[in-house]
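Examining the three-dimensional arrangement
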Amino acid sequence: MFASALWLPLLLAPFTGGSATPPPADYWTDVPAAAGRKLGPPRIQPTRYRTLKLNLPAAQRYLRAVPAEGDAPTLLTLPLPDGSKHQFRVRRSSVMAPELAAKFPELQTFAGQDAADATASLRLELTPAGLRAQIIGYGGTQLIEPYRQGDTQHYICFDKAALPPGSKQWSEPGPIKR
C-alpha cells in the first residue's frame, strides 16, 4: 500500500498538468517607473509604453537552439504593452540569401504565433543592436525595440497606435561595420 501511494502521483502527473515539459523561456522583467526615468527619454517616443529589461545573454543562448522552419517550434515568452506576457511558438526563419546569412551569422530572424491565439503572429530579429519584435494581433501591432541606441539591456514595448501622428516610426542605428 505504501509503495503504491508513492508511485500514484508520478503515474498521474502527465494527466494532471504535472508534466516534465519545461516552462516557456521568459527573460523579461519590468523596469519600475522611477528606474525608467533615470534611463532618459526612449529613442522612440510613443505616448504610452512599457519599459523592460532583457537578460540578453540568456535569450541569445536560448534562441541559438531554436529549430529551423518546419521543425517543432520552441516556446518563448514576450511582453505586451498592456502589462501581460504571452507565450509564442517560435521558429528560426531565414530572410536573407544563404550567402549573406553565412557572412553575417550574428543577424538572426524568427517567426512565430501566439501559443493560445493562432491569429497573433510574431516576427523577431536578434542583431548586435539588440532584439526587435513585431507582434500583429490582439487588435493592433505591438512592437518591442531597444530603449536607446547602444543599450541592449533595456527595451520599450508599445502599441504602434501610440506613436504620435507623423512621427518617424523607428530607424536603425546604421550599417554593421566589419
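Procedures and definitions
Position numbers for residues start from 1 in each chain and track the written sequence from start to end. Local features in this predicted model are restricted to residues of pLDDT 70 or higher, and side-chain atom pairs are both shown and tallied only at a pLDDT of 80 or more, whereas totals for entire chains, interfaces and linings draw on every residue. Side-chain numbers here rest on the full set of heavy atoms in the structure, without hydrogens or water. For this document, the term salt bridge refers to a Lys or Arg side-chain nitrogen within 4 Å of an Asp or Glu carboxyl oxygen. Only DSSP runs of H or I with at least four residues qualify as helices, and only runs of E with at least two residues qualify as strands; both kinds are numbered from the N terminus onward. Exposure classes here rest on a 1.4 Å probe applied to the protein chains alone. A residue is buried below 20% of its type maximum, exposed above 50%, and partly exposed in between. When DSSP finds at least two bridges between two strands, those strands are taken to pair. Working convention: axes come from line fits to C-alpha atoms, limited for helices to the stretch in contact. Angles between N-to-C directions cover 0 to 180 degrees. Pairing of aromatic side chains requires ring centres within 6.5 Å, counting the rings of Phe and Tyr and the six-membered ring of Trp. Pairs whose planes differ by under 30 degrees are stacked, by over 60 edge-to-face, and all others tilted. In what follows, a contact means two residues having at least one pair of non-hydrogen atoms within 4.5 Å. A score from 0 to 100, pLDDT tells how confident the predictor is in each residue. An arc is given here, and it is the one of the directions from the helix axis to the C-beta atoms. What qualifies as a polar contact is a pair of N or O atoms within 3.5 Å, subject to a donor-acceptor requirement within protein and to the restriction that residues adjacent in sequence count only when both atoms come from side chains.

The next thing to look at is the pattern of salt bridges. Within the structure shown, the criterion is met by six salt bridges. Lys-85 is paired through a salt bridge with Asp-26; the nearest N and O atoms lie 3.1 Å apart. With Lys-85 in strand 4 (residues 85–92) and Asp-26 in the loop between helix 1 (2–12) and strand 1 (28–30), this residue pair connects regions lying 59 residues apart in the sequence. Its relative accessible area of 36% is what places Asp-26 among the partly exposed residues. Between Arg-50 and Asp-30 there is a salt bridge, with its nearest N and O atoms 2.6 Å apart.

Moving on, we come to the sheet that holds strand 1. Here we have nine strands laid out as an open sheet, ordered 1-2-9-8-7-6-5-4-3, and antiparallel in their pairing. Only two strands of the sheet have a single neighbouring strand rather than two, namely strand 1 and strand 3 (74–79). Across the sheet, the axes of successive neighbouring strands diverge by a mean angle of 30 degrees, strand direction being ignored. Where strand 1 lies against strand 2 (residues 50–54), three bridges are found, and the strand directions are antiparallel. Bridge assignment links Thr-29 to a residue of strand 2, and that residue is Lys-53.

Attention now moves to the pairing of strand 7 (residues 130–137). With respect to burial, strand 7 is a largely interior element, six of its eight residues being buried. As judged from the seven bridges shared by strand 6 (residues 121–127) and strand 7, these two strands associate in the antiparallel manner. The partner of Ser-121 across the bridge, within strand 7, is Ile-136. Counted between consecutive antiparallel strands, the loop separating strand 6 from strand 7 contains two residues. Note: strand 7 against strand 8 (residues 140–146), five bridges, orientation antiparallel. Residue Gly-137 lies in a different strand from strand 8, and its bridge partner there is Gly-140. Turn length for the strand 7-strand 8 hairpin, with the two strands adjacent in sequence and antiparallel, is two residues, and the turn residue Tyr-138 shows positive phi of about 60 degrees.

This brings us to the packing of aromatic side chains. Per the counting criterion, the structure on display carries two aromatic pairs. For the pair Trp-28 and Tyr-155, a centre-to-centre distance of 5.4 Å together with 85 degrees between the ring planes defines the contact as edge-to-face. One end of the pair, Trp-28, is in strand 1; the other, Tyr-155, is in strand 9 (residues 154–159), with 127 residues separating them in the sequence. Note on Trp-28: relative accessible area 4%, which makes it buried.

What follows is about the environment of Pro-81. Among the secondary structure elements, Pro-81 is positioned in the loop between strand 3 and strand 4. Placed 62 residues apart in sequence, Pro-81 and Leu-143 show a C-alpha to C-alpha distance of 8.4 Å. In contact with Pro-81, other than residues within four places in its own chain, are Arg-50, Gln-142, Cys-157, Phe-158 and Asp-159.

Our focus in this paragraph is the confidence of the model for the chain. Averaged over all residues, the pLDDT of the chain is 82; the fraction at 70 or higher stands at 78%. Across the chain, element-level confidence peaks in strand 9 with a mean pLDDT of 98 and bottoms out in helix 1 with 39. Here residues 1–21 is modelled with pLDDT under 50, and outside its nearest four sequence neighbours on either side it reaches two contacts, counting other chains as well.

Here helix 3 (residues 56–64) has its buried residues at Leu-56, Ala-58, Ala-59 and Leu-63. Angularly, the buried residues of helix 3 cover 160 degrees about the axis, an arc narrow enough to put them on a single face. Along helix 3, exposed side chains directed more than 90 degrees from the buried face belong to Arg-61 and Arg-64. Where helix 3 begins, the side chain of Asn-55 points an oxygen toward the backbone nitrogen of Ala-58, at a separation of 3.2 Å.

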